[in-house]
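Given next are the chains, with one letter for each unit.
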Amino acid sequence: MRRRKFIKKSGLTTAGMLTAPVLASCKDEKKVEAIPDQKSVIPIVICTWDFKNASAKAWEILYQNGSSLDAIEHGVRIEEDDVNNQTVGTGGRPDRDGNVTLDACIMDAAGNCGAVLALQNIANPISVARKVMEETPHVMLAGKGAEQFAYEKGFKKVNLLTEKSKQEWLEWKKTANYETPINIENHDTIGMLAIDKNGDISGGCTTSGMAYKLAGRVGDSPIIGAGLFVDNAVGGATATGVGEEVVRTVGSFLIVELMRQGKSPQEACEEGVRRIIEKNKNRKDFQIGFIAMNKNGETGGYCIHSGFSYRRYSPEGHENIESQSYF
């Protein structure tokens, strides 16, 4: 049942979604001409880590008056399709059994959200998550159910395990030593937030999860309130790092609520990290990074250890911002 029909039968209403045009990805850092007559609302995109191609793609959609939701979906798909990014989408590192499982969620300005967990054989989980949001009465689909739903919606079955990731997994099996090293290509999820010309905020988060995780493990990335949360009246937040610790504090929801109480995005991210540190006294062997954006387009980011960064794209251009850290 399409979500529209379900909601109509339930006596509810929802906003329609815009469809973004297919736009070329901008790969070079450059200044962008300011958008004319944009005085109160200035479109902005931020994303975890230095994913400049993803943020540039999202910005192209916003610059041509597309919705923040379209910008999020098509922005993060850039990384899902990049086989050289071994933490997201095709080419992601497998679990300890050799299976690549993907997690993603998306949330729009109206508070609608969708997620897929432990999805196999589908290249773009963010788009499947949007289908869950828009065309079902549900929020989350997991495992084989999510995969079957994707096929029903026209997604093709693909082999997500590249030869490079396979060989690294086979090498890892010789010792099977499970660790979560800080600031390496083991857990750099891409989380993205965008505000469009109408002042509407959307967000998305997608990952292949921790390398060589236990089969079935799901972190914070597809969990609304943990890896991502958006309240269009306040702002949005998203996370990266060891997801278990973000789940324990419902991190992204916490940061949005702190902004509601008057904290800036930077202050809210800092408090979010402090809450995690308080629950992990005497432990320093893991990384968490938060980014946030409020309704005014102010942004912030903070992490446990140095080395985390986030990319910000606005009419002034785009830059990779080194995050301040607790340690």
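Keep in mind that what you see is a predicted model, and the values were worked out from it rather than measured.

What counts, and at which threshold
Residues numbered from 1 in each chain as written. Predicted model: local features only at pLDDT ≥ 70, side-chain atom pairs only at ≥ 80, totals over all residues. Heavy atoms only, no water. Helix = DSSP H or I, 4+ residues; strand = E, 2+ residues; numbered from the N terminus. Contact = heavy atoms within 4.5 Å. Buried < 20%, exposed > 50% of the residue type's maximum accessible area, 1.4 Å probe, protein only. Polar contact = N/O pair within 3.5 Å; in protein donor to acceptor, adjacent residues only side chain to side chain. Axes fitted to C-alpha atoms, helices over the stretch in contact; angles between N-to-C directions. Parallel < 35°, antiparallel > 145°, perpendicular 65-115°, else oblique. Nonpolar A, V, L, I, M, F, W, Y, C, P; charged D, E, K, R; others polar.

**Q** Can you explain the side chain of Thr 189? Please cite residues and give values.
**A** Mapped onto the elements of the fold, Thr 189 is located in the loop between helix H6 (163-172) and strand S5 (190-195). With residues near it in sequence (within four places) discarded, Thr 189 still touches Thr 48, Trp 49, Phe 51, Cys 205, Thr 206, Thr 207, Ser 221, Ala 239 and Thr 240.

**Q** Before we move on, can you summarise the environment of Ser 314 with the specific residues and values?
**A** Its place among the elements puts Ser 314 in strand S11 (residues 309-314). By relative accessible area, Ser 314 is classed as buried at 2%. Separated by 255 residues in the primary sequence, Ser 314 and Trp 59 have C-alpha atoms spaced 7.6 Å apart. Of note is the side chain of Ser 314, whose polar atom sits 2.7 Å from the side chain of Glu 316.

**Q** Account for the packing of helix H4 (residues 125-135) against helix H5 (residues 143-152), with residues named and values stated.
**A** One can describe the packing of H4 onto H5 by two numbers: an axis separation of 10 Å at closest approach and a directional angle of 85 degrees. By the angle between their directions, the pair H4 and H5 is classed as roughly perpendicular. Residues Val 128, Lys 131 and Val 132 of H4 pack against Ala 146, Phe 149 and Ala 150 of H5. The class makeup of the residues in the contact of H4 with H5 is 5 nonpolar, no polar and 1 charged.

**Q** Tell me about the environment of Arg 275, and please be specific about residues and values.
**A** With respect to the helices and strands, Arg 275 occurs in helix H9 (residues 265-279). For Arg 275 and Thr 249, which are 26 residues apart along the polypeptide, the C-alpha to C-alpha distance reads 7.2 Å. Contact partners of Arg 275, with chain neighbours within four places excluded, come to Thr 249, Leu 254 and Leu 258.

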